[in-house]
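# Analysis of the macromolecular model
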Amino acid sequence: MYNTKVRGILIHGNKSFSDVSRDIIRPMDDKTPMWWWVTAFLATGLLFWGVWGFYNTISNGIGEWGLNNNVAWGWAIINFVWWIGIGHAGTAFSIFLLILRQKWRTSINRAAEAMTIFAVMSAGLFPLIHMGRIWDGFFIFPYWNTRGPLWDNFISPLFWDVVAISTYFMASFVFWYMGMIPDFATIRERTTSKMKAKVYGILSFGWIGNARGWLRFETAALLLGGMAAPLVVSVHSIVSMDFAVSVVPGWHTTIFPPYFVVGAIFSGFGMVLTLMIVLRKLYKFKDYVTDGHLDAIARILVFISLIMGTAYMTELFMAWYSGNEYELFTFMKNRVTGEYKYAFWTMITCNAIIPQLFWFKKIRKNITMVFIISLFINLGMWFERYVIVVTSLSKDFLPATWATYQPTFTEIAIFAGTIGLFILGVLTFFRFVPTLAISEIKGVLKETTTLKSFTDESH
Amino acid sequence: MSHTSIIGVYEDEDVLLKAIDKLQESGIKIADVFSPIPLHGVFEKLKLTTRLPYATFIYGVFGTVLVFGFLYWTSVVSYPLKFGGKPLNTLSFIIITFVLTIFVGTFLTFLTYFIREKMYPGKEVNIPVPRTTNDQFAIVIIRDQDMKDEDVKKIGDLLEKTGAVEVKESEY
């Protein structure tokens, strides 16, 4: 078999196994840094604001939102889709790159998976609060009831959504936790604190790292990964069907499932890039999350950005080519040139144009620029969902019912609350869990050092 | 069950793999190997296999049957109600069947792993060399009752000759 080494050295600094454990566990043993408290304080503030938004919605009803008869889906659905999209990075990273045997994933997968968990949690809150009568939320589950029994509508995409997202959350969590077990055992055996030995002892489930244990562990991880891989595709396809099975112009398109999946991976990788740049800066992980890693993500992003651009062009082309005047109106009049043109052009600029800067090596090497572009991607993907939801609903078939939409303070509060929740989750992760997969990094270490001696000899 | 074991501690995976070969050539039975990373060479040399993939496949089939059966029963038998002019038993059931098959498969595979490994939160651990979760490797050879002290010494020497940094006897 050809065994070409294209990637170069994955971990810099000629680390030994114990160096890896020490470096990655160090931030957990250090005193809690000031930036952590400040960020946690701000995030808690956002979270409380969101709790107020929830309270206001539950006690006064959905009328507290800026929705109307036409625009019945507003920020709640935009933010739901946005968070779910971000939540695709973890599994995309861990599983697609695992299946493609991309070893550079080892430095990033843990953080990406953690991000997935918290993003999906944030996302899940939106459909819940959108029910209005949240106390009747259990109606969504098919349970034996006294109404017939009347079951759910199993061919409704809204029900598929519930199934897909709860499955996705469970599968991502299980995969994430499974990967952490050997690392918890490493902490358990290394730590001098009795408290930590106890807590991480419980979390490690009694892992000892013998040969049979590792064999089963690897097999189980591969199986769980293999089963979760189709979920990456199916979850966002199902989310897109919430829109695509309707008859609303701008939603009723066959391109939606692949377009949403690619968009989700795009926004997920964008958020991973944002987060990894922050993580490696704060924890001085430059030897682990090297410039090469960021470069690889940037290269993927430039490719996905091209697909996004193609999808936008295809939508516009089909609107014209279909000969359907409603489609043409929605895309050309309402989106490209109409009232929502700022949102549309922000989306195009952030998603299809700005990431093209990653073609230049100089920009990929400039971490500040990479960070700024990653923020633009996050912003652009939010606007994509805004364009999809609001422009299509505000002006549909009957001009008499046309309406505009503005979010209210309560809707903004709920969004801010989920951002607070996400940040708090990520902070907890930064503080109490090994942020890089220790045992997986050790697994690729030998290979990179052999590679190093190989290159040394060839000089 | 706890035995008295002879344990050789190594610091490098390649040295460890060669040592396993040497030991097996001399007819010594290796009970277990501890390492901070999964070593495929060890799995092959100790001839370890797992039937977990078969279990997962069975769970998948079980999940598919269970979920589709439930959908069919609720929609066709228990309360037949037409939605959108579609047949009662519709192709659209594929979506939920597909997703929940993954749910059942993932969850049961996860459980099976812990049951087979006898792992649970808070389990007491008995690791012969605690540093094997960090940066060392260990070969464990069980000391049989009929093993004489010379045999044990011979094994110890062999372990040292193959590059062990430490050889010890302990309860494992």
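Before reading further, recall that the structure is shown in the block above.
The structure reproduced in this document is the subject of the present report. From a predicted model like this one, the values you see are computed outputs, not experimental measurements.

Rules and cut-offs
- Residues numbered from 1 in each chain as written.
- Chains lettered and ligands numbered in written order.
- Predicted model: local features only at pLDDT ≥ 70, side-chain atom pairs only at ≥ 80, totals over all residues.
- Helix = DSSP H or I, 4+ residues; strand = E, 2+ residues; numbered from the N terminus.
- Rg over C-alpha atoms; globule rule 2.2 N^0.38 Å.
- Buried ≥ 20, exposed ≤ 12 C-beta atoms within 10 Å, placed from the backbone.
- Contact = placed C-beta atoms within 7 Å.
- Nonpolar A, V, L, I, M, F, W, Y, C, P; charged D, E, K, R; others polar.
- Pairing = 2+ DSSP bridges.
- Axes fitted to C-alpha atoms, helices over the stretch in contact; angles between N-to-C directions.

Quick look at the overall build of chain B now. Across its full length, chain B holds 5 helices and 4 strands. Overall, chain B shows an N-to-C arrangement of helices and strands of β-α-β-α-α-α-β-α-β. Taken against the 2.2 N^0.38 rule, which gives 16 Å for 172 residues, the C-alpha radius of gyration of chain B at 25 Å runs more than 25% over that of a compact globule. Projected onto the principal axes, the alpha-carbon positions of chain B cover approximately 85 × 30 × 30 Å. Residues classed as buried in chain B amount to 34% of the 172 residues present. Restricting to contacts in chain B with at least 6 residues of sequence separation, those with at least 24 account for 78%.

Moving on to the interface of chain B and chain A. Between chain B and chain A, the contact holds 55 residues from the first and 53 residues from the second. Contributing elements (two or more residues each) for the side of chain B that touches chain A: strand E2 (32–34), helix H2 (40–45), helix H3 (52–78) and helix H4 (93–117) of chain B. At 17 residues, the largest contribution of residues to the side of chain B that touches chain A is made by H4 of chain B. Within the side of chain B that touches chain A, the residues separate by chemical class into 32 nonpolar, 15 polar and 8 charged.

Below, the discussion takes up unusual backbone geometry. All names here are of chain A. Non-glycine residue Phe205 carries a positive phi angle of around 60°. Backbone geometry places Lys284, a non-glycine residue, at a positive phi of 50°. Take Lys284: it is sitting in the loop between helix H9 (256–282) and helix H10 (291–321).

A few words on the pairing of strand E1 (residues 4–10) of chain B. Residues and elements named next belong to chain B. Within E1, 5 of the 7 residues are buried, which leaves it mostly tucked inside the rest of the structure. Two strands pair when backbone bridges link them, and E1 and strand E4 (residues 166–171) are joined in this way by 6 bridges, in the antiparallel orientation. Its bridge partner being in E4, Val9 is matched across the sheet by Glu166. By the bridge criterion, 6 bridges tie E1 to strand E3 (residues 137–142) in an arrangement that is antiparallel. Paired with Val9 across the bridge in E3 is Ala138.

With that out of the way, let us pick up the sheet that holds E4 of chain B. All names here are of chain B. The 4 strands lie next to each other as E2-E3-E1-E4, forming an open sheet whose pairing is antiparallel. Two strands close off the open sheet at either side, each with one partner strand: E2 and E4. Neighbouring strand axes in the sheet, compared pairwise and without regard to direction, differ in orientation by 25° on average. Here E2 runs beside E3; their pairing, made up of 3 bridges, is antiparallel. Following the sheet pairing, Asp32 is matched in E3 by Val140. Of the strands in this sheet, E1, E3 and E4 touch helix H5 (residues 149–161), which is tilted by about 15° from E1.

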